[in-house]
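Commentary on secondary and tertiary structure
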Amino acid sequence: MKIRKANLEVDTVSVYIHENKKEEQTLIAIPSIKWSTIIPYEEDNTSLTKRLEDEFRSALNSEDATHLSLKLVQWVREM
């Protein structure tokens, strides 16, 4: 499991990332906003970014939602 820090406009949040190679998916959790998701390897970057942005809109402002979703996609694809 990797723990990363995401700097948002107002706050810094801890992002927990666990890659499950056997099941070909990645689990991401952000406890401070009570959010988590599983990302299958085959999900493309464009649809993943849009999905994450939509999920973050309820907990974060628009700029932070966009920034965080792009950052998460980058971190997941690095692994």
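- An unreviewed UniProt entry lists the chain under the name YueH-like protein, from Sutcliffiella horikoshii.

Let's talk about the pairing of strand 3 (residues 25-30)
- Only one face of strand 3 is covered, namely the face carrying T26, I28 and I30; the face carrying Q25, L27 and A29 is uncovered.
- Here strand 3 pairs with strand 4 (residues 35-40) via six bridges, running antiparallel. Note on strand 4: the bridge partner recorded for T26 is I39.
- Taking the residues that link successive antiparallel strands as the turn, the strand 3-strand 4 hairpin has four residues, and the phi of K34 there is positive, at about 55 degrees.

Some remarks on the pattern of salt bridges
- Across all of its chains, the model carries five salt bridges by this definition.
- Linking R51 and E43 is a salt bridge whose minimum nitrogen-to-oxygen distance equals 3.1 Å.
- The exposure class of E43 is buried, given its relative accessible area of 15%.
- Of the charged contacts in the structure, one is a salt bridge between E55 and R51, with a shortest N-O distance of 3.3 Å. In this pair, E55 and R51 both sit in helix 1 (residues 45-56), four residues apart, roughly one turn of the helix.
- Exposure remark for E55: the relative accessible area of 29% places this residue in the partly exposed category.
- A relative accessible area of 22% places R51 in the partly exposed class.
- Salt bridges here are not isolated pairs; linked through shared partners, they connect E43, R51 and E55.

Definitions and limits used
Each chain has its residues counted from 1, following the order in which its sequence is written. It should be noted that, the model being predicted, local features are given only for residues of pLDDT at least 70 and side-chain atom pairs only at 80 or more, the latter also being counted only at that level, while totals for whole chains, interfaces and linings use all residues. To obtain the side-chain values, all non-hydrogen atoms of the structure were included, while hydrogens and water were left out. Exposure classes here rest on a 1.4 Å probe applied to the protein chains alone. A residue is buried below 20% of its type maximum, exposed above 50%, and partly exposed in between. Strands are runs of DSSP state E lasting at least 2 residues, helices are runs of H or I lasting at least 4, and numbering of each runs from the N terminus. Pairs of strands are assigned from DSSP output, requiring at least two bridges between the strands. When a carboxyl oxygen of Asp or Glu lies within 4 Å of a side-chain nitrogen of Lys or Arg, that pair is called a salt bridge.

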